[in-house]
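Topology and contacts: notes
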Amino acid sequence: MAINVSKLIFSPTLQEMLVGKNGEPLVNGVIYLYSNTSRTTFKNWYYQNGNVDPYNYLPLPNPMTLSAAGTIVDCGGNDVIPGFYPLSETDNSTVEKYFIQVFDKYGTLQFSRYNFPVAADNNII
């Protein structure tokens, strides 16, 4: 089933740079995105492709190796703003948030995010 692109939640910043526990960019770090309810099941995230409307929304690699600057990039190495789909891709209506883990290039866990994107009442759509 195709996703409902109107439900994608994009980061509000112009560029995402991930940093480790030491405050330094996670050069060649790795990010994994899972379903928050099934933390072994990968969950897609997206980026906008194209220069004019209508745009395409394509999955980003998962897991993803971050760039040499610690940024999120597409398959071509271009920095992108990630879009998160907080619904099940099976029915496009069941809330299904992310469990995210980020590791440095040596495989050491740097941080985890649960129930992302966060909304206190779970009513994000």
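Before reading on, note that the structure itself is shown above.
To start, this report covers the structure provided alongside it. Predicted model only: the values in this text are computed from it and were never measured. (Residues numbered from 1 in each chain as written. Predicted model: local features only at pLDDT ≥ 70, side-chain atom pairs only at ≥ 80, totals over all residues. Heavy atoms only, no water.)

Mapped onto the secondary structure, Tyr34 falls in strand β2 (residues 30-35). In sequence terms Tyr34 and Thr90 are 56 residues apart; their C-alpha atoms lie 15 Å from each other. (Helix = DSSP H or I, 4+ residues; strand = E, 2+ residues; numbered from the N terminus.)

A few words now on the packing of aromatic side chains. Counted by the stated rule, this structure contains 10 aromatic pairs. Measuring from ring centre to ring centre gives 5.1 Å for Phe99 and Tyr114, while their planes differ by 35 degrees; the resulting arrangement is tilted. Pair noted here: Phe99 is in strand β7 (residues 98-103) and Tyr114 is in strand β8 (residues 109-116), with a separation of 15 residues, a long-range link. According to the relative accessible area criterion, Phe99 is buried, its value standing at 7%. Grouped by ring-pair contacts, the aromatic residues Tyr32, Tyr34, Phe42, Phe99, Phe103 and Tyr114 constitute a single cluster. Just above the ring of Phe99 sits the side chain of Arg39; from NZ or CZ to the centre is 4.6 Å. The residue whose ring lies beneath Lys43 is Tyr98, and the NZ or CZ to ring-centre distance is 4.9 Å. (Phe/Tyr/Trp six-rings, centres within 6.5 Å; stacked < 30°, edge-to-face > 60°. Buried < 20%, exposed > 50% of the residue type's maximum accessible area, 1.4 Å probe, protein only. Lys NZ or Arg CZ within 6 Å of the ring centre and 35° of its normal.)

The values are spatial; any link to function lies outside them.
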